[in-house]
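# Fold and contact review
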Amino acid sequence: MHRIPVDEYVAIVANHLRDALAPRTETVALGKALGRVTVAQVLSPVDLPLFRNSQMDGFAVRARDVASPPVTLPIAGIIAAGAAEPTSLPAGAAMQIMTGAVIPEGSDAVVPVEDTTSTGATVTVLKSRAQGEFVREAGSDARIGDTLLPAGLTLAPRHLAVLAAAGIASVDVRALPRIAVVTTGAELIAPGVEPLLGQLFDANGVALAALVESSGAVVSALVRNDDDVVASLDLALREAAVDTDLILTSGGISMGEFEVVRELLEPLGATVGTIAMQPGGPQLLGAFHGIPVIGFPGNPVSTQISFEVLVAPLLRAAAGRAPAEKRHHTVETAIDSVPGKRQFLRGRITDGNAVSIVSGPGSHLVAGLAASDVLIDIPAETTRVEAGDTVETWTL
Ligand SMILES: Nc1nc2c(c(=O)[nH]1)N[C@H]1C(S)=C(S)[C@@H](COP(=O)(O)OP(=O)(O)OC[C@H]3O[C@@H](n4cnc5c(N)ncnc54)[C@H](O)[C@@H]3O)O[C@H]1N2
Ligand code: MOO
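Residues numbered from 1 in each chain as written. Chains lettered and ligands numbered in written order. Predicted model: local features only at pLDDT ≥ 70, side-chain atom pairs only at ≥ 80, totals over all residues. Heavy atoms only, no water.

### Describing the overall build of the protein chain
- Of the regular secondary structure elements, the protein chain holds seven helices and 28 strands.
- Rg of the C-alpha trace for the protein chain: 32 Å, well past the compact-globule value of 21 Å for 396 residues, more than 25% over.
- By principal-axis analysis of the C-alpha atoms, the protein chain measures approximately 95 × 50 × 40 Å.
- The proportion of buried residues among the 396 residues of the protein chain is 44%.
- Expressed as a percentage of contacts within the protein chain between residues at least 6 apart in sequence, the contacts between residues at least 24 apart total 70%.
- In the form shown here, the protein chain has an accessible surface area of approximately 18700 Å², with 55% of it arising from carbon and sulfur atoms.
- Of the charged side chains in the protein chain, 27 are positive and 43 negative; the average position of the first set lies 5 Å away from that of the second. (Helix = DSSP H or I, 4+ residues; strand = E, 2+ residues; numbered from the N terminus. Rg over C-alpha atoms; globule rule 2.2 N^0.38 Å. Buried < 20%, exposed > 50% of the residue type's maximum accessible area, 1.4 Å probe, protein only. Contact = heavy atoms within 4.5 Å. Areas by Shrake-Rupley, 256 points an atom, 1.4 Å probe, with all protein chains shown as cover. Lys, Arg positive; Asp, Glu negative; His and termini not counted. Charge placed at Lys NZ, Arg CZ, Asp CG, Glu CD.)

### Considering the domain arrangement of the protein chain
- Here the protein chain is described as being made up of domain 1 (6-24 + 176-318), domain 2 (27-47 + 145-174), domain 3 (53-136) and domain 4 (326-391).
- Computed over C-alpha atoms, the centres of domain 1 and domain 3 are 69 Å apart. (Domains from an automatic or database assignment.)

### Points about a nonpolar patch on the surface
- A cluster of nonpolar residues, Leu50, Phe51 and Val102, forms a patch on the protein surface that exposes about 250 Å² of accessible area.
- Mapped onto the fold, Leu50 is located in the loop between β2 (42-43) and β3 (53-54).
- Under the relative-accessibility criterion, Leu50 is labelled exposed at 52%. (Patch = residues over 30% accessible without salt bridge, like charges linked within 9 Å, V, L, I, M, F, W, Y side chains within 5 Å. Salt bridge = Lys/Arg side-chain N within 4 Å of Asp/Glu carboxyl O.)

### A look at empty space enclosed by the protein
- Taken as a whole, this structure holds two cavities of 30 Å³ or more when the rule is applied.
- Taken as a whole, the largest cavity encloses approximately 40 Å³ of empty space.
- If you go around the largest cavity, the residues you meet are Ala20, Leu21, Ala22, Pro23, Arg24, Ala175, Pro177 and Ala318.
- Of the voids in this model, the second largest cavity is the one considered here, and its volume is about 30 Å³.
- What lines the second largest cavity is simply Glu308, Ala324, Leu375, Trp394, Thr395 and Leu396.
- Its residues assigned to classes, the lining of the second largest cavity comprises four nonpolar, one polar and one charged. (1 Å grid on protein atoms, 1.4 Å probe; cavity = no way out; pocket = protein on both sides within 12 Å on 5 of 7 lines; lining within 4 Å. Points joined across faces, edges and corners; volume = space filled by probe spheres on them. Nonpolar A, V, L, I, M, F, W, Y, C, P; charged D, E, K, R; others polar.)

Now the structure itself:
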């Protein structure tokens, strides 16, 4: 049997999805922008602070008037934070001022209230202040035209805060790819329902939807087609094809009698092949009403690993995210591997930073996959890895 090398198939999938996942920009309100990635640098439209204001509740003065404390000055007014007419400080006087309020013209220092005593009409300043003390100058944090945020930045709360502070209400970010997930199989039931003999809980729908989201994309639809009737799958795919960039399916692509995904999509031009990978050998690539379809094998570990290898890197790139982490570890025990197939074994990192095998290579071992924290990538040409040898791992 001809098995397509994994790297070759990765390139075929990338090419198939090139247009669907081409980077796009959208403008989102700040409230929706957390975790999104900027597409361009953001320049400040204003000075920050916007205006010269007080850092303390106290008295706006001229520093030279309070150079030899104690000094008693008449109080010429009170300035609160908020919209205000410009005020100016008469010579030899003080004005009561609140934190954030506009500094009156002529004042160059603020004396905190705790360094004063007041009769109501006058204030006695007990401590001198240098010029500029407790005065927050306009533009001292950022000037008009300064770069507030670079392009390619993943927006965290502090980034959203500076945009808001600069009066910016929305931001241009990478649009998130929209992905529909369709699981197939007459045996499938929803988790939480009592199974009859032969029925099995649909793990792949939940898994693929979560994988899509964890890769930075949006699940546009999640549909379970729980019979093996081609017309039903046709309806399910029509539902899935609305407002989406890509449809992912699981199951129904191998060599049995009820391979609905093949039956529906092969006449529409889809190709089914076997790649030199285990789990995840059988694979389908096609389109439905103009939307690309990637069909994964139904075994739950095959589905999840197929996603990690073939689609996750593309979605991460489209969302502006870094690729998944790959590291090197020594293996604790020797591994025999099938010749001609790239194996993704499940592993766990041990205390000494080595990796140990979890569970077996079978593609139905969902609990084994859940108990692992890395995939161990064994190249197709490798048939044996000795204990102590170094292997590449993919962090899950
Ligand atoms: N004669 C052959 N039989 C099989 C071959 C082969 O080359 N020749 N390949 C095997 C391999 S490898 C795989 S992988 C599977 C792929 O089969 P399908 O993609 O057609 O998947 P199904 O038959 O529909 O399901 C396989 C397995 O997975 C379970 N399943 C399906 N969907 C889900 C789901 N949403 N959640 C949980 N489990 C699911 C299903 O019940 C089956 O046990 O074919 C082999 N056979
Ligand atoms: O290739 Mo299948 O996905 O191993 O079980």
